[in-house]
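Listed below, chain by chain, are the residues.
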Amino acid sequence: MSLNKIFDVTGSGMSSQSVRLNTVASNIANADSVSTSANTVYKARKPVFAASMANMRAQNFGSTQEGVGVQVLGIVESDAPVQAKYLPDHPLADKDGMVYESNVNIMEEMADMISASRAYQMNIDVADNAKTLLLRTLSLGQ
Amino acid sequence: MGACSWHVYCLISRITQMEGNKLALNIDNAFGVFPQALNVHENRAEVLANNLANETTPNFKSQDYDFRSFLKNDNAAMKTAKMLNTTDAQHINNSNNFMLEFLQYRTQVQPSLDGNTVDSDVESQQYADNSMRYMANLTFLTKKIQDLMLAINGGT
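The structure reproduced in this document is the subject of the present report.

### A few points about the environment of A:Asp112
All names here are of chain A.
No. 1: Position of Asp112 among the secondary structure elements: in helix α3 (residues 106-138).
No. 2: By relative accessible area, which is 19% here, Asp112 ends up buried.
No. 3: As for Asp112 and Pro81, which are separated by 31 residues in sequence, their C-alpha atoms are 19 Å apart.
No. 4: Sequence-distant contacts of Asp112, that is, excluding residues within four places in its chain, are made with Arg20, Val24 and Lys46.
No. 5: Of note is the side chain of Asp112, whose polar atom sits 3.1 Å from the side chain of Arg20.

The structure is reproduced here in C-alpha cells:
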C-alpha cells in the first residue's frame, strides 16, 4: 500500500518544517541578545533540508519511486556579519566600549516562519486526504 | 509534460493485455481494470505527496509519471520494462516497479534560486485530481462488488 507511505512522507515533511519553525522561534527570541565578543554572540540558526533518498532506497528497494520524505541534515549557524555597537555604558561592553549584536534578520525570520507554516499545513492537508482515501478503501464494497 | 493528458484506463487495459488471461475466470478479471488503476493512483499519490513534502528542500526536483510516453511505447518495450530477468531467488523482482521507467522530472514554470522545482500550486492541484480519480475508482469497484454480490445472492 503506497497510501501508507504517504503518511511517512508527510510525517517527515511536518517534522522537518517544525524543526524550521523551532529555529525561527529561537532566532526571533534571541534577535536582541548581545555579547562581549563577536565569537560568542548568538548567530541565526538555519536547518538544512535534503530529500531522504538514499536511506529509504536502501531499506525499501521495491518502492516505485526515488525519494521518500525530507530529512534535516543538520542545523548551521548563519555566517552573516555581526553588528558591533558602541555602548560604553553597557555591562557587557568590552574594553573598547563595543557590544556585539546577533546577526538575526527579523524580516527573513518572519518570511521563513510563514513559509514553514504554509508547508506544514500543506503536509497536513495531504495526510488528511490520504486518510480519507484509506478509509474509503477500507469500506470498499459496502 | 502534459499534466492531465494521460488516461489511466487505456494504460491499464494495455497492462492487462500484457499479463495475458491465464484463467478464464479469475477475480482480477471480474473487477476489470479498477484494482490496477487504484494501484497506479496510489503510486502517483505517493510521488505527488513526496513533491509537496520537499516543497522547501533545496535542489529537490519535482517528479511525476509521464503516462503519455507509457502509452506511446509498444507492448514489447513495455514487456522489457516490466520483466527484468531474474536468474536467482535473491534477485529483486521489479514486477511492481515497471512504473519507475516513466517517472520524469517536471518542467518548471518559475525558476527558483535554490534549485527547487516544486510548484506547490501545481502539485496540490494534481494531488487533488489524482485523489478524485482514486475515489472514482473506488466507487466503480464498489459497484462491481455489489454487482457480484447481487449475482451471488440473487437479489435476496
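### Quick word on the layout of surface pockets
No. 1: Each pocket or cavity is described by its volume, and for the second largest pocket that value is around 250 Å³.
No. 2: If you go around the second largest pocket, the residues you meet are A:Ser115, B:Glu55, B:Thr56, B:Gln108, B:Gln110, B:Ser112, B:Asp114, B:Asn116, B:Thr117, B:Val118, B:Asp119 and B:Asp121.
No. 3: Counted by class, the lining of the second largest pocket contains one nonpolar, seven polar and four charged residues.

### Things to note about the packing of α3(A) against helix α6 (residues 120-153) of chain B
No. 1: Contact geometry for α3(A) and α6(B): axes closest at 10 Å, N-to-C directions at 10 degrees. With respect to their mutual orientation, α3(A) and α6(B) come out roughly parallel. In this structure, α3(A) contributes A:Met122, A:Val126, A:Asn129, A:Ala130, A:Thr132, A:Leu133, A:Arg136 and A:Thr137 to the contact, and α6(B) contributes B:Ser120, B:Ser124, B:Tyr127, B:Ser131, B:Tyr134, B:Met135, B:Leu138 and B:Thr139.
No. 2: Split into classes, the residues belonging to the contact of α3(A) with α6(B) amount to eight nonpolar, seven polar and one charged.

### Here we look at the sheet that holds strand β5 (residues 98-101) of chain A
Residues and elements named next belong to chain A.
No. 1: Pairing within the open sheet is antiparallel, and its three strands lie in the order β1-β5-β4. At either margin of the open sheet sits one strand with a lone partner, and together these are β1 (34-35) and β4 (83-86).
No. 2: Taken together, the four bridges between β4 and β5 define a ladder with antiparallel strand orientation. Bridge pairing in β5 places Tyr86 opposite Met98.

Procedures and definitions
Residues numbered from 1 in each chain as written. Chains lettered and ligands numbered in written order. Predicted model: local features only at pLDDT ≥ 70, side-chain atom pairs only at ≥ 80, totals over all residues. Heavy atoms only, no water. Helix = DSSP H or I, 4+ residues; strand = E, 2+ residues; numbered from the N terminus. Buried < 20%, exposed > 50% of the residue type's maximum accessible area, 1.4 Å probe, protein only. Contact = heavy atoms within 4.5 Å. Polar contact = N/O pair within 3.5 Å; in protein donor to acceptor, adjacent residues only side chain to side chain. 1 Å grid on protein atoms, 1.4 Å probe; cavity = no way out; pocket = protein on both sides within 12 Å on 5 of 7 lines; lining within 4 Å. Points joined across faces, edges and corners; volume = space filled by probe spheres on them. Nonpolar A, V, L, I, M, F, W, Y, C, P; charged D, E, K, R; others polar. Axes fitted to C-alpha atoms, helices over the stretch in contact; angles between N-to-C directions. Parallel < 35°, antiparallel > 145°, perpendicular 65-115°, else oblique. Pairing = 2+ DSSP bridges.

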